[in-house]
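Each chain, letter by letter, is given below.
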Amino acid sequence: MSITILKPGMMSSVQDLGRWGFQQYGVPIGGAMDKVSATLANIICGNDENEAVIEMTLHGTSIIFNEAAFCAIVGGGCKAYIDDVELPFNRLLWIPAFSIIKTTANLQGCRSYLSVSGGFNVKKIMGSSSTYTPSGIGGINGRNLITGDMLAFKREQNLHAASNLHMLPSGVGISHWHTADLVEVTANVAIVHAIKGPEFDRFNAASQEDIFNSMFTISSRSNRMGYRLEGKKFTLEQQTEMVSTAVTTGIVQVTHEGDPIILMADAQTIGGYPRIARICAADISLLAQTRPGVKIQFKEIGEEESLMRYNRIVEAMKRVKVGLSNTG
Amino acid sequence: MLIPRIYNIHDRAITIEFSAAISEATNLQVIALQHAIESNPFKGFIECVPAYGSLTVYFSEQVSAVAVRSWLSDLSAQVSNISLATEGKQISIPVCYDPSLGTDLPWVSSHLNLSLEEIISLHTSVAYRVYMIGFIPGFPYMGTLPEQLEVPRKQTPSLKIPMGSVAIAGKQTGIYPAEVPGGWQVIGRTPLKMFDPSQSPCSFLNAGDLVTFMPITLDAFNQYP
């Protein structure tokens, strides 16, 4: 029971919900960029939320199923096909043996997650299957997926929702139900909620004004560690070196050149740049689905609203899970 | 007593900042607080990240951020009173200071007007405190370097610094655990592995450890088991 990567596309890697507990040794949390979509893909397949999934960045991926399997695709950035049949996202899919899933361009979104029922059999390194390429750990040999990589399934597929699929002539099965889209994917301006960062007060008046009142473009020099933003430059009131302290996903730090960088999933654990803002944790998945070239604007919120928004996502996920367990 | 600044860096992570400067006393306090939390973790606690003058605490949705914040505030006030006897391990690290491995030795030597022998003798003359591990997995930030050895970072970082490189910058010294780009001046190399995911802990050094460097010959480096 396995799949084989025929083409990795722009970039594909094995991820889960991250490698927790080792940040004091400099090991980033990492994991799926859009953890909401990765979790949903697993929930749809009846898996543990932390099962390894394949993160596909944009399009061009091609994967053959060596055996028939239940799977799900959640996220954005591509459309998925088997021959001429477009596969819907957010639904449980039955894929016949020797089918090839190919992804093509979609203007909206940036990353999609493929899960299989039962999960992929990927060795855990320090408690996680997440690929972290700078240290060469996780996934398959600590690197992104390449042509020929085979990922075995963990176990026989036994599924709550195996019932009642809509069967297409090609043998592909699609569940009647689907889960809600919890991540709003946009091709236009992404509105991202943000809170003043720990060093906000150290920036000059113009910078304090600009961060919440101007538009930025996500640079093509962005990756899983961070999104570079193009737009206004930022200046400290007084140029002083900062003593390094912990940073994490969502921190907006400003380099010596004045360019903001939003730290993403593979963010290093410690940083020495002033932090002008931090993104509400509930909006990280939205950012992960926002591709280079797209404009973003920060909308200022307070600590309390940020927590409320985060809790709302946590609750929404719980509802999806409960809802699916009641689905026949 | 220092009154710490407490702030969120994430909806599920709070930083207690004792000082925005590098000092051994503050770092001792950071490690003491880390040990106090880890030895008696609250419900929902995930992990601590010590830095020079701050400790960051990650927690799950099992606990409210407001509760964690007030609990940390109380605890950090107590920690300044409790014993700081949380000394780390004392570790001696072999380093080969041959210019074929310490590739920036010629530049450092001419910049500081010191001979190779003087550089080695200065670098091995003190015990360094590991203030924190970061930048990349297993990279120790250590200090304080003798003043005569202070050099600036490179104008343009090197694209590839070999694994095990021992380097200096400002008041700090560090060891590159993997081949990565970096801006510190490389003065030697250790045959020891600083990061090994198959070991527990995965990092050879921990925040709070005391490190001394022991010079070894190129032959000894090459024959290291």
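1. A word on the overall build of chain B
Alright, step 1. The helix and strand inventory of chain B stands at five helices and 13 strands.
Alright, step 2. For 225 residues, the compact-globule estimate of 2.2 N^0.38 gives 17 Å, and the C-alpha radius of gyration of chain B, at 19 Å, lies within 12% of that figure.
Alright, step 3. Taken along the three principal axes of its C-alpha coordinates, chain B extends 55 × 35 × 35 Å.
Alright, step 4. Within chain B, contacts between residues at least 6 apart in sequence are counted, and of these 62% link residues at least 24 apart.

2. Brief notes about the interface of chain A and chain B
Alright, step 1. Listed per partner, the contact involves 34 residues of chain A and 40 residues of chain B.
Alright, step 2. Of all elements in the fold, only β17 (245-246) and α4 (303-325) of chain A reach the threshold of two or more residues within the side of chain A that touches chain B.
Alright, step 3. Split into classes, the residues belonging to the side of chain A that touches chain B amount to 19 nonpolar, 13 polar and two charged.

3. Some points on the environment of Leu17(A)
All names here are of chain A.
Alright, step 1. Examined against the element boundaries, Leu17 turns out to sit in the loop between β2 (11-15) and α1 (35-44).
Alright, step 2. According to the C-beta neighbour criterion, Leu17 is buried, with 22 such atoms within 10 Å.
Alright, step 3. Spatially, the C-alpha atoms of Leu17 and Val53 are 9.4 Å apart, while their sequence positions differ by 36 residues.
Alright, step 4. With sequence-adjacent residues up to four places away left out, Leu17 is seen in contact with Gly31, Ala32, Lys35, Ala38, Thr39, Glu49 and Asn50.

4. Observations regarding the pairing of strand β2 (residues 13-17) of chain B
A regular strand carries its side chains on alternate faces of the sheet.
All names here are of chain B.
Alright, step 1. For β2, a buried count of five out of five residues is recorded, marking the element as mostly surrounded by other parts of the structure.
Alright, step 2. The alternating pattern of β2 places Ala13, Thr15 and Glu17 and Ile14 and Ile16 on opposite faces, both of which are buried.
Alright, step 3. Linkage of strand β1 (residues 5-10) to β2, two consecutive antiparallel strands, is achieved through a turn of two residues.
Alright, step 4. Sheet topology places β2 next to strand β4 (residues 54-59); five bridges connect them, and they run antiparallel. Pairing of Glu17 across the sheet is with Ser54, part of β4.

5. Topic: the domain arrangement of chain B
Residue and element names in this part refer to chain B.
Alright, step 1. When the domains of chain B are assigned, the result is domain 1 (5-79) and domain 2 (90-222).
Alright, step 2. For domain 1 versus domain 2, the distance between C-alpha centres works out to 29 Å.
Alright, step 3. Listed by partner, the interface residues are seven residues for domain 1 and six residues for domain 2.
Alright, step 4. The biggest single contributor to the side of domain 1 that touches domain 2 is helix α1 (residues 24-39), with three residues.
Alright, step 5. Residue classes in the side of domain 1 that touches domain 2 are distributed as five nonpolar, one polar and one charged.

6. Quick word on the sheet that holds strand β1 (residues 2-8) of chain A
Residue and element names in this part refer to chain A.
Alright, step 1. Taken together, the six strands give an open sheet; going across it, the order is β7-β6-β9-β4-β1-β11, and neighbouring strands pair in antiparallel fashion. Both outer strands of the open sheet, β7 (85-87) and β11 (150-152), are each paired with one neighbouring strand and no more. Neighbour-to-neighbour, the strand axes of the sheet open up by a mean angle of 30°, direction not taken into account.
Alright, step 2. Bridge count between β1 and strand β4 (residues 61-65): five bridges; the pairing is antiparallel. The residue bridging Pro8 from the neighbouring strand is Thr61, located in β4.

7. Here's the deal with the pairing of β2(A)
Residues and elements named next belong to chain A.
Alright, step 1. β2 sits mainly inside the fold: four of its five residues count as buried.
Alright, step 2. Judged from the five bridges that link them, β2 and strand β3 (residues 53-57) form a sheet pairing that is antiparallel. Bridge pairing in β3 places Val14 opposite Ile54.

8. Quick look at the domain arrangement of chain A
Residue and element names in this part refer to chain A.
Alright, step 1. Examined at the domain level, chain A breaks down into domain 1 (2-178) and domain 2 (190-316).
Alright, step 2. For domain 1 versus domain 2, the separation of C-alpha centres amounts to 28 Å.
Alright, step 3. Facing the 19 residues of domain 1 at the interface are 13 residues of domain 2.

What counts as what
Residues numbered from 1 in each chain as written. Chains lettered and ligands numbered in written order. Predicted model: local features only at pLDDT ≥ 70, side-chain atom pairs only at ≥ 80, totals over all residues. Helix = DSSP H or I, 4+ residues; strand = E, 2+ residues; numbered from the N terminus. Rg over C-alpha atoms; globule rule 2.2 N^0.38 Å. Contact = placed C-beta atoms within 7 Å. Nonpolar A, V, L, I, M, F, W, Y, C, P; charged D, E, K, R; others polar. Buried ≥ 20, exposed ≤ 12 C-beta atoms within 10 Å, placed from the backbone. Pairing = 2+ DSSP bridges. Domains from an automatic or database assignment. Axes fitted to C-alpha atoms, helices over the stretch in contact; angles between N-to-C directions.

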